[in-house]
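Each chain is listed here by its residues.
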Amino acid sequence: MRIDILTLFCDMCSSVLGENIIGRARQAGKVEINCVDIRNYTNDKHRRVDDKPYGGGMGMIMQAQPIYDCYQALCEETKTKPHLIYMTPQGKTLTQQRVKELAKLDNIAILCGHYEGVDERVIEELQPEEISIGDYVLTGGELPALILADSISRMLDGVLSNSECFEEESHFNGLLEYPQYTHPAVWKNREVPEVLLSGHHENVDKWRRQQALSRTLKRRPDMLEDAQLTKEDIDFLASIDNE
């Protein structure tokens, strides 16, 4: 997969993408992630890409032309039309299900807004998918873009050591993840649950499933509406809901 991040702050993105698991995956060729400087496509001799908003108001607005030309140059380079995503608080909230769907695509371009946003006309022209990472506002789209690129990349074959690394995590299967423990077995008089020390894999799996169900019911009951539950799951939830 190829992911291109269209941004005004390439160094900021590159420093994050060069670290840890994603950095190693890029070096190994498991995923290609590029940072494209929108300023390279402005017609302004001073490399300006923003201007004051029509109608007055605070802040500056990113201009349509540099963004449009940047994306068109990417289309010409790749000989494709990468799926364009615009990171904005006005978009649909990112979910693990959408991440799994995006991970099946070959080419994705992520547009990072900045200042007070971008000229609406380039949104109308390019018709990007609009995605939000939550109901709050940041100074720019770079951090959300990095979150999206990371969440997609770790779904790809070979990026993580094993698919189980993400299949048991929160949200992947519609539930929150069960609690995790490591050494020592006792810390500040708190003991690791005995079942995890038993070596009985079937009992461990059952305990983890029930813990995931219980935690989801307590913290995010709304997720249970779409979770794939067995009759045993439903009976267990009913038993703890009646306590």
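Residues numbered from 1 in each chain as written. Predicted model: local features only at pLDDT ≥ 70, side-chain atom pairs only at ≥ 80, totals over all residues. Heavy atoms only, no water.

## Digging into helix α1 (residues 10-17)
- Inspection of α1 places Cys 10, Cys 13 and Leu 17 among the buried residues, and these make up the whole buried set. Across the axial projection of α1, the buried residues extend over an arc of 70 degrees, all falling on one side. (Buried < 20%, exposed > 50% of the residue type's maximum accessible area, 1.4 Å probe, protein only. Helix = DSSP H or I, 4+ residues; strand = E, 2+ residues; numbered from the N terminus. Arc of directions from axis to C-beta.)

## Observations regarding the packing of α1 against helix α6 (residues 142-153)
- The N-to-C vectors of α1 and α6 enclose an angle of 30 degrees; their axes lie 10 Å apart at closest approach. Looking at the two axes, α1 sits roughly parallel to α6. Regarding α1 and α6, the two cross each other, and that crossing is right-handed. Facing Met 12, Cys 13, Val 16 and Leu 17 of α1, the residues of α6 in contact are Glu 142, Leu 143 and Leu 146.
- Classifying every residue of the contact of α1 with α6 gives six nonpolar, no polar and one charged. (Axes fitted to C-alpha atoms, helices over the stretch in contact; angles between N-to-C directions. Parallel < 35°, antiparallel > 145°, perpendicular 65-115°, else oblique. Left-handed = near helix turned anticlockwise from the far one by under 90°. Contact = heavy atoms within 4.5 Å. Nonpolar A, V, L, I, M, F, W, Y, C, P; charged D, E, K, R; others polar.)

## A word on unusual backbone geometry
- Residue Pro 184 is reached from His 183 by a cis peptide bond, and omega for that bond is 5 degrees.
- The residue Pro 184 is located in the loop between α7 (164-167) and β8 (186-187) in this model.
- Its identity is not glycine, yet Asn 20 carries a phi of approximately 55 degrees, on the positive side.
- Within the secondary structure layout, Asn 20 lies in helix α2 (residues 20-27).
- Phi at Tyr 115 is positive, roughly 55 degrees, even though this residue is not glycine.
- Residue placement: Tyr 115 occurs in the loop between β6 (107-112) and α5 (120-126).

## Some thoughts on the side chain of Asp 50
- With respect to the helices and strands, Asp 50 occurs in strand β3 (residues 50-51).
- No salt bridge is formed by the buried Asp 50. Its closest oppositely charged neighbour is Arg 48, at 4.4 Å.
- Apart from the residues lying within four places of it in its own chain, the contact partners of Asp 50 are Met 60, Ile 61, Met 62, Gln 63 and Tyr 115. (Lys, Arg positive; Asp, Glu negative; His and termini not counted. Salt bridge = Lys/Arg side-chain N within 4 Å of Asp/Glu carboxyl O.)

## Some thoughts on the environment of Met 223
- Note on placement: Met 223 falls in the loop between α8 (201-219) and α9 (231-241).
- Owing to a relative accessible area of 10%, Met 223 belongs among the buried residues under this scheme.
- For Met 223 and Arg 121, which are 102 residues apart along the polypeptide, the C-alpha to C-alpha distance reads 36 Å.

## Points about the environment of Tyr 68
- Summarising the element assignment, Tyr 68 is placed in helix α3 (residues 64-78).
- Sequence spacing of Tyr 68 and Ile 123 is 55 residues, and the spatial spacing of their C-alpha atoms is 9.2 Å.
- With near-sequence residues (within four places) excluded, Tyr 68 lies in contact with Val 122, Glu 125 and Leu 126.

## Details of a nonpolar patch on the surface
- Taken together, the side chains of Phe 9, Met 12, Tyr 136, Leu 138 and Leu 143 define a hydrophobic patch exposed on the protein surface, amounting to about 430 Å² of accessible area.
- With respect to the helices and strands, the residue Phe 9 is situated in the loop between β1 (2-7) and α1. (Patch = residues over 30% accessible without salt bridge, like charges linked within 9 Å, V, L, I, M, F, W, Y side chains within 5 Å. Areas by Shrake-Rupley, 256 points an atom, 1.4 Å probe, with all protein chains shown as cover.)

## Details of the pairing of β1
- Counted residue by residue, β1 has six buried out of six residues, so it is predominantly covered.
- Residues of β1 alternate between two faces, with Arg 2, Asp 4 and Leu 6 on one and Ile 3, Ile 5 and Thr 7 on the opposite face, all of them buried.
- As defined by bridge partners, β1 adjoins strand β2 (residues 32-37) across six bridges and the pair is classed as parallel. Across the sheet, residue Leu 6 finds its bridge partner in β2, namely Val 36.
- As judged from the five bridges shared by β1 and β6, these two strands associate in the parallel manner. Bridging across to β6, Arg 2 finds its partner in Asn 107. (Pairing = 2+ DSSP bridges.)

Shape descriptors only; they carry no functional weight alone.
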